[in-house]
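# Summary of the model geometry
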Number of protein chains: 4
Amino acid sequence: MPQFSDRYRHVRHATLQSVEGLSDADLTVQSADFASPGKWHLAHTTWFFEQFVLAPHEPAYRVFDAHFTFLFNSYYDAVGARHQRSQRGLLTRPTLDVVLAYRRHVDQAMQAMLARPLSAELSALIELGLAHEQQHQELILTDLLHLFAQNPLRPAARPGTHATPLAVSAAPTTATQWVDFDACQTTIGEAPEHFHFDHEGPRHRVLLRPFRLARRPVSNRDWLAFIDAGGYQNPSHWLSDGWTAVVTQGWQTPLYWERTPDDLGWQHMSLAGLQPLSLDAPVAHVSYFEADAYARWVGKRLPTEFEWEHASGGLPVTGNFVEDGMFQPLESTSPGPLLQMYGDVWEWTASPFTAYPGFRKAAGGVGEYNGKFMNGQYVLRGGSCVSPQSHLRASYRNFFQPEHRWQFTGLRLAEDA
Amino acid sequence: MPQFSDRYRHVRHATLQSVEGLSDADLTVQSADFASPGKWHLAHTTWFFEQFVLAPHEPAYRVFDAHFTFLFNSYYDAVGARHQRSQRGLLTRPTLDVVLAYRRHVDQAMQAMLARPLSAELSALIELGLAHEQQHQELILTDLLHLFAQNPLRPAARPGTHATPLAVSAAPTTATQWVDFDACQTTIGEAPEHFHFDHEGPRHRVLLRPFRLARRPVSNRDWLAFIDAGGYQNPSHWLSDGWTAVVTQGWQTPLYWERTPDDLGWQHMSLAGLQPLSLDAPVAHVSYFEADAYARWVGKRLPTEFEWEHASGGLPVTGNFVEDGMFQPLESTSPGPLLQMYGDVWEWTASPFTAYPGFRKAAGGVGEYNGKFMNGQYVLRGGSCVSPQSHLRASYRNFFQPEHRWQFTGLRLAEDA
Amino acid sequence: MPQFSDRYRHVRHATLQSVEGLSDADLTVQSADFASPGKWHLAHTTWFFEQFVLAPHEPAYRVFDAHFTFLFNSYYDAVGARHQRSQRGLLTRPTLDVVLAYRRHVDQAMQAMLARPLSAELSALIELGLAHEQQHQELILTDLLHLFAQNPLRPAARPGTHATPLAVSAAPTTATQWVDFDACQTTIGEAPEHFHFDHEGPRHRVLLRPFRLARRPVSNRDWLAFIDAGGYQNPSHWLSDGWTAVVTQGWQTPLYWERTPDDLGWQHMSLAGLQPLSLDAPVAHVSYFEADAYARWVGKRLPTEFEWEHASGGLPVTGNFVEDGMFQPLESTSPGPLLQMYGDVWEWTASPFTAYPGFRKAAGGVGEYNGKFMNGQYVLRGGSCVSPQSHLRASYRNFFQPEHRWQFTGLRLAEDA
Amino acid sequence: MPQFSDRYRHVRHATLQSVEGLSDADLTVQSADFASPGKWHLAHTTWFFEQFVLAPHEPAYRVFDAHFTFLFNSYYDAVGARHQRSQRGLLTRPTLDVVLAYRRHVDQAMQAMLARPLSAELSALIELGLAHEQQHQELILTDLLHLFAQNPLRPAARPGTHATPLAVSAAPTTATQWVDFDACQTTIGEAPEHFHFDHEGPRHRVLLRPFRLARRPVSNRDWLAFIDAGGYQNPSHWLSDGWTAVVTQGWQTPLYWERTPDDLGWQHMSLAGLQPLSLDAPVAHVSYFEADAYARWVGKRLPTEFEWEHASGGLPVTGNFVEDGMFQPLESTSPGPLLQMYGDVWEWTASPFTAYPGFRKAAGGVGEYNGKFMNGQYVLRGGSCVSPQSHLRASYRNFFQPEHRWQFTGLRLAEDA
């Protein structure tokens with residue numbers, strides 16, 4: 001299966017590219033319980049292939065290091081005991097070199113396997129492994145940004161990007177433009193014959209009432225108006241839990257915003273270090289609570305995930321992705337009707353993350369993939385500036401707790417038509 | 001409006017009945033952050049009428065005590081500062097006598113108002129006040145049960161009930177019987193012309209796929225089978241957050257279950273003190289996480305709130321309510337097809353508590369009633385053995401966080417047909 | 001032993017006097033982990049006689065309620081399991097009436113015992129029980145003050161006192177006057193033949209260098225100068241742990257101080273409710289950390305407990321005690337050389353609470369009385385305005401953690417001569 | 001001042017030796033709030049010379065990086081803001097190479113200064129800087145041990161040591177041998193003319209009663225007897241706070257002890273990785289609470305720091321120190337009367353860490369060196385197997401909170417003669 005083998009090589013290589021130039025120390029430290037060290041991501045994605053593909057299906061496979069089953073299991077209870085999540089950053093050993101050797105060891109065995117005909121089941125597992133690796137490619141970058149943002153030196157994790165500051169446009173916010181959608185019954189979820197995660201199915205019909213979507217995501221300029229209007233000071237815009245988060249965590253702006261040294265403007269911490277804030281780029285690093293409060297403040301609402309999926313039907317997956325190497329949301333200059341549905345920022349939807357009708361989790365360890373997280377999270381759609389383009393599709397459901405802000409998360413407004 | 005006046009008197013009186021025979025101390029102490037003292041409930045329900053009805057609409061009304069605006073506001077930010085929730089149990093003053101005088105003061109002013117013709121707006125506010133009072137009638141009893149359960153003496157808050165222990169049936173669990181429902185489009189939400197809380201509307205259409213509901217709620221006997229099968233020891237049944245709750249909170253049984261002194265059986269703490277567990281009564285005091293895990297363990301699922309509402313369409317609101325004075329779930333001996341849809345235990349549904357399409361919160365303080373809690377909670381349906389019968393209806397949506405167990409919360413199974 | 005019987009009656013009666021006029025609720029609620037409910041104190045002091053005197057030494061004694069052994073044990077591990085300290089405030093049952101009946105039951109048995117000749121051992125145990133009861137008399141009042149201070153109504157626990165506000169003197173602080181002491185070897189600790197707690201012995205010799213003690217405790221007026229000089233803003237005066245307490249607990253003044261409504265002056269919460277601050281009364285409700293920082297700020301130090309005991313040698317135990325019914329520290333108008341060594345406020349010393357050379361804890365439960373607390377606390381000397389006068393003596397060592405402020409704790413300055 | 005220059009070079013070099021062979025990652029991660037990363041120690045000790053010696057006294061000195069003043073200040077409030085202690089492990093930048101360059105930059109400037117005649121004040125500051133560096137040499141090793149002990153791979157931080165497991169002697173514990181000391185007045189504290197930390201003075205006289213010291217520290221073999229006798233299960237041996245630590249932290253053994261894989265014996269995590277426990281070596285990694293409980297259990301006590309200092313008078317500072325490269329406590333085979341007073345393990349004393357009579361902290365930043373920690377800690381004496389030999393003396397007072405166990409802390413018994 002030569003093209004499978006090429007894709008495997010390509011995906012695995014992209015992971016390494018994302019950490020190029022970083023030290024063992026950069027990739028060892030964990031900056032928060034919800035984030036993981038880069039080295040851990042490098043090893044865990046490898047462990048996935050070892051644990052679910054090679055060990056059960058390749059009799060001749062020799063496990064690289066028996067300790068790694070314990071160390072690099074993320075949350076699979078069926079696999080056995082695992083290292084505590086909050087302790088991941090204490091593993092100065094194995095060193096980065098050893099983890100890279102682990103990757104090579106598994107890659108070699110995988111390539112041998114991929115040279116042979118594969119059962120459908122095994123192919124599906126490997127596809128899942130690659131999709132899993134792509135998810136962690138995004139996490140590597142968002143976790144690195146979080147770590148580097150804790151450092152008072154504000155160092156750049158990807159220093160090549162944006163050596164030249166972006167121009168800061170002085171134009172005022174323009175009125176939101178809307179795209180209309182009629183009432184309909186629509187089909188939600190990916191077709192069974194295409195690869196998708198379990199929670200993107202089963203396909204099913206839903207009723208939609210007439211609605212409108214904003215042409216583009218909410219921008220930094222829009223968000224400044226919310227700040228200036230006292231949005232972070234007025235509980236009436238907020239969910240009760242959201243207001244508690246504002247007060248207890250002291251939110252005053254999106255995560256990573258800082259005043260410029262002259263106190264006249266705003267800059268933000270990015271993967272290229274501190275940078276001027278590009279006013280017409282989509283706002284990023286806002287929580288669901290902030291997105292929801294903003295929407296209420298302007299008298300609109302967030303779209304449901306069904307509205308989003310319906311609206312994106314037939315749109316090409318184009319936009320600002322990790323392959324573009326910008327590593328931050330950008331202003332769009334495209335003339336199309338719906339802009340930036342894919343890439344730039346994940347868009348919070350109003351939909352709690354739940355099972356689609358008829359959903360059953362798979363048997364065995366991989367059954368723990370998504371089903372056990374169907375509680376207390378919200379669905380996000382469309383991918384971000386650090387998502388791999390080939391990873392995304394209209395049915396793709398990302399999900400995070402409503403207080404999280406370290407991903408590239410923004411929003412697009414909706415309203416009833 | 002004589003019958004309105006009578007109903008006001010009746011609802012207010014029922015509140016007092018629920019605390020009859022209890023001391024100032026019993027009604028002052030707060031046993032957990034999520035619970036409130038009885039005295040606080042007595043005062044807060046009164047404050048609601050003073051704050052939203054009398055003060056703005058009765059020019060001659062004299063506020064009973066200006067401090068009470070601060071002390072007995074629950075969560076209405078628009079009203080101003082409020083006493084911290086976790087500190088409610090420190091208010092040994094005002095004494096119970098003063099709080100009862102406060103109730104009489106407000107009742108007198110309300111009765112004077114009710115003797116006159118009322119605007120539709122005012123009538124709606126008073127209806128809301130009475131519905132609000134009925135909600136707190138249930139909370140008074142569940143909060144008292146929680147308080148008395150913390151006392152190693154296990155005293156009875158409502159000692160008259162069940163002086164004779166219930167017979168414990170030795171019959172084995174019978175197979176679940178099912179009631180079938182066809183695929184359909186159905187209407188959800190209360191009609192605008194009937195009183196309902198804001199979150200029970202707007203009415204809207206939803207698609208239902210064919211499904212089945214269990215004839216009766218899951219019983220204590222059923223639950224013992226789950227315990228005996230190691231249900232609390234096996235993470236594979238549980239949501240990830242649910243398993244964390246099992247481990248960190250040490251859940252092994254529903255709340256309030258204890259071994260009998262001979263260690264051969266089970267008893268449970270009730271409003272009548274420690275009592276033998278009635279095996280064929282609906283299980284109560286289980287969290288959403290437990291309900292969800294149980295359903296997965298038996299290969300079924302929880303119903304959605306839409307399935308529940310559709311199934312209950314046209315059923316009379318009959319069952320075991322607070323007016324029956326049993327104060328605990330009972331075995332049903334009725335011959336009907338769907339048993340105990342109302343009363344006995346609130347039934348967890350699979351539906352996160354969200355806004356219905358087109359929902360907008362009301363202006364002003366009462367707008368904070370439900371809308372700001374539409375996050376992180378699950379909908380429960382049907383009422384319990386401590387709900388007032390007149391408070392319930394098919395569209396009624398109760399909601400709690402998925403880890404809470406101190407309400408009379410149980411479950412009914414569903415499955416795809 | 002008629003006078004022993006009288007003294008027993010007198011001490012026990014004084015306990016009841018301290019809660020006169022308070023409700024069951026007032027005496028049931030616990031306002032902090034470090035405080036206990038009044039009802040608990042009433043029962044625990046009674047339990048002490050039942051547990052250590054009656055049960056082991058009075059064969060005919062019938063235990064009042066077997067549950068009380070569990071409920072009202074404070075910290076005696078040797079006695080068996082005990083109710084968790086932080087849960088003491090949840091015991092609405094037994095009611096106050098039952099606790100008072102418990103007191104009468106034990107008093108009756110004790111009086112019968114006291115009518116007979118007693119062994120020296122038994123006499124010593126009863127003496128200990130009475131001293132123990134007196135300690136709790138003070139705690140009842142300080143714990144009530146803490147509870148009532150949490151109530152936004154600021155009610156008076158002892159309302160008769162100080163109906164007339166104290167005059168607030170406008171005179172400036174006068175220079176500290178000093179009393180000199182020569183270098184010496186002195187004897188520390190109570191003589192074995194007099195009643196004392198175990199930690200007041202063994203008697204031993206210590207070396208003292210020449211020193212001076214301030215004639216009177218630091219006053220509220222003195223403390224205002226510290227506040228005005230930014231004492232609470234400057235870490236250089238503070239121990240490291242003290243500064244952490246200032247920052248994390250937001251200390252800006254002694255506990256219970258509040259601005260007057262006109263924001264021009266200070267009032268303080270007292271057992272008589274909110275009162276104007278008497279500027280020339282000793283400052284109270286300061287922690288060790290504050291006392292130590294103050295002393296460093298004025299270029300002095302706290303005395304050691306040995307200096308204090310040596311200086312108090314031969315002074316009569318006179319001053320403002322609980323029997324005076326003032327329940328707050330007062331300005332002294334006495335002409336003596338060393339003023340207010342006893343009463344008004346406990347004086348923090350520089351001495352960590354440690355064992356005297358040769359100290360061994362007693363066998364059995366009462367051995368846990370003081371020895372196991374010889375860590376992390378500081379010694380205070382002299383008693384307060386809510387201490388019983390007969391409870392105090394020169395060798396008396398009170399002790400608290402350095403961050404505590406809810407006792408009547410102040411300070412007297414010392415310096416090297 | 002050639003020999004000063006040599007000593008500077010020697011001490012600074014020894015610091016680098018302690019981290020030889022470790023990676024940037026090993027030296028970047030922080031395993032607990034109370035520990036610091038190796039890289040931080042390397043930089044902070046350098047900052048001390050820059051901040052207190054070069055910047056104020058060397059006009060031509062060019063600060064290496066202005067950010068480092070903020071990043072590598074430990075706790076000196078007078079110097080200005082500082083990086084939060086718990087965040088030290090997030091600094092992947094500056095890299096190890098940059099920190100080493102910082103060291104060279106400062107060393108160069110220091111050597112230039114040391115080539116010139118120095119004022120007494122400046123000499124004293126540099127002496128303090130070297131003593132400070134030696135303190136951190138010990139901390140580097142204890143913090144590394146703590147970090148490596150969190151790693152399930154149990155890697156060796158100093159792998160060369162003890163490649164051959166120590167013989168485990170089967171001989172039973174021998175009876176404690178004692179050395180007697182008469183009652184006396186003795187002088188405590190270092191002579192002003194010798195270098196010492198501020199808290200080792202002023203010199204003063206204390207009274208000692210007759211006492212005995214055990215000939216050697218308590219051994220691992222002794223400690224096993226305590227474990228086997230249920231020492232960790234019986235609250236009667238423990239201080240109240242100590243028992244709380246036992247229960248809440250689950251102490252069952254000294255820190256770093258583990259069962260051998262065959263469950264028949266004990267091994268311990270050391271700087272050389274997991275090793276068999278040497279039964280006749282002094283027990284290490286016990287808290288004050290454990291040391292105190294052990295002493296009570298055997299009917300003895302801990303010595304006071306004055307007894308220890310008196311007993312060590314005139315003894316040579318010989319023993320097992322960091323220069324020996326063993327990095328763990330060893331059995332002594334010496335014939336002397338008092339064994340292992342220096343080296344092997346720090347010995348907990350019964351003395352809370354307080355100021356000696358007449359102590360005043362120095363003006364300026366270095367005044368914060370020890371004085372502000374004189375609260376809640378206990379004095380330890382004698383140094384350990386990872387202390388530099390030249391750093392120790394009879395008057396040396398180390399101090400830690402009583403719950404800490406990550407230092408090489410043990411105990412020696414005392415009793416009244």
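In this report, the structure presented in the accompanying data block is examined. (Residues numbered from 1 in each chain as written. Chains lettered and ligands numbered in written order. Predicted model: local features only at pLDDT ≥ 70, side-chain atom pairs only at ≥ 80, totals over all residues. Heavy atoms only, no water.)

### Section: the overall build of chain A
To keep it simple, the criterion reads: Helical segments are the DSSP runs of H or I of at least four residues, strand segments are the runs of E of at least two, and each set is numbered from the N terminus. We compute the radius of gyration over the C-alpha atoms and compare it with the globule rule, which gives 2.2 Å times the number of residues raised to the power 0.38. Exposure classes here rest on a 1.4 Å probe applied to the protein chains alone. A residue is buried below 20% of its type maximum, exposed above 50%, and partly exposed in between. A contact between two residues is defined here by any heavy atoms of the two lying within 4.5 Å. The positive count covers Lys and Arg only, the negative count covers Asp and Glu only, and His and the chain ends enter neither. A single reference atom marks each charge: NZ on Lys, CZ on Arg, CG on Asp, CD on Glu.
Scanning chain A for helices and strands turns up 9 helices and 12 strands. The globule rule puts the C-alpha radius of gyration for 417 residues at 22 Å, and the 22 Å found for chain A is close to it. Structurally, chain A occupies a C-alpha span of about 65 × 55 × 40 Å along its principal axes. Residue burial in chain A is summarised as follows: out of 417 residues, 59% are buried. Across chain A, every contact between residues at least 6 apart in sequence was considered, and the portion connecting residues at least 24 apart equals 79%. Put simply, chain A has 33 plus and 43 minus side-chain charges, and the middle of one group is 3 Å from the middle of the other.

### Quick notes on the packing of helix H4 (residues 96–114) of chain D against helix H5 (residues 120–150) of chain D
All names here are of chain D. As a reminder of what qualifies: Fitted lines through C-alpha atoms give the axes, limited to the stretch in contact for helices. The angle between two N-to-C directions lies from 0 to 180 degrees. Here a crossing is taken to be left-handed if its near helix is turned anticlockwise relative to the far helix by less than a right angle, and right-handed if that turn runs clockwise.
Axis separation between H4 and H5 bottoms out at 13 Å; the angle between their running directions is 145°. Crossing of H4 over H5 shows left-handed handedness. When H4 is examined against H5, the residues Arg 103, Met 110, Met 113 and Leu 114 are found in contact with a partner set consisting of Leu 122, Ile 126 and Glu 133.

### With respect to the pairing of strand S9 (residues 378–381) of chain C
Residue and element names in this part refer to chain C. Worth spelling out the cut-off: Strands are treated as partners if at least two bridges between them are detected by DSSP.
Both faces of S9 are covered, namely the face carrying Tyr 378 and Leu 380 and the face carrying Val 379 and Arg 381. Looking at chain direction, strand S8 (residues 346–352) and S9 are connected through 3 bridges and run antiparallel. Bridge pairing links Pro 352 to Tyr 378 in S9. In terms of strand pairing, S9 meets strand S10 (residues 398–400) through 3 bridges, oriented antiparallel. Residue pairing in the sheet places Leu 380 in a bridge with Asn 398 of S10.

### Considering the interface of chain D and chain A
Convention followed: The term buried area refers to how much accessible surface (probe radius 1.4 Å) is lost by two components on association, counted for both of them together. By salt bridge we mean one thing: a side-chain nitrogen of Lys or Arg within 4 Å of a carboxyl oxygen of Asp or Glu. Between N or O atoms, a polar contact is any pair within 3.5 Å; within protein, one atom must be a potential hydrogen donor and the other a potential acceptor, and residues adjacent in sequence are included only when both atoms are from side chains.
Counting from both sides, the interface comprises 28 residues of chain D and, opposite them, 28 residues of chain A. For the pair chain D and chain A, the summed buried surface comes to about 2,100 Å²; carbon and sulfur atoms form 66% of the total. Together, D:Leu90, D:Arg93 and D:Leu153 form the three largest contributors to the area buried by chain D at its contact with chain A, with a combined 30%. Across the chain D-chain A interface, the total number found is 2 salt bridges. Counting the contacts that link chain D with chain A gives 6 residue pairs in polar contact (both at pLDDT 80 or more). For the side of chain D that touches chain A, the secondary-structure elements that each account for two or more residues are helix H3 (67–71) and H5 of chain D.

### Some points on the arrangement of the chains
Here chain A and chain C are not in contact; the least distance found between their C-alpha atoms is 14 Å. Between chain B and chain D there is no contact, and the shortest C-alpha to C-alpha separation is 14 Å.

### Some points on the relation of the copies chain D and chain C
Threshold: Residues reaching a pLDDT of at least 70 in both copies supply the C-alpha atoms on which the copies are superposed by least squares.
The transformation that overlays chain D on chain C combines an axial shift of 0.0 Å with a rotation of 180°, and the residual RMSD is 0.0 Å. Expressed as an axis order, the relation between the two copies is that of a two-fold axis. In terms of C-alpha distance to the rotation axis, chain D has D:Gly376 as its closest residue, with the C-alpha 2.6 Å off the axis.

### With respect to the sheet that holds S8(C)
Strands sit in the order S10-S9-S8-S11 (chain C) across an open sheet of 4 strands; the sheet is mixed. Here the strands that pair on one side only, and so sit at the sheet edges, are S10 and strand S11 (409–410) of chain C.

Coordinates in, geometry out; function isn't part of it.
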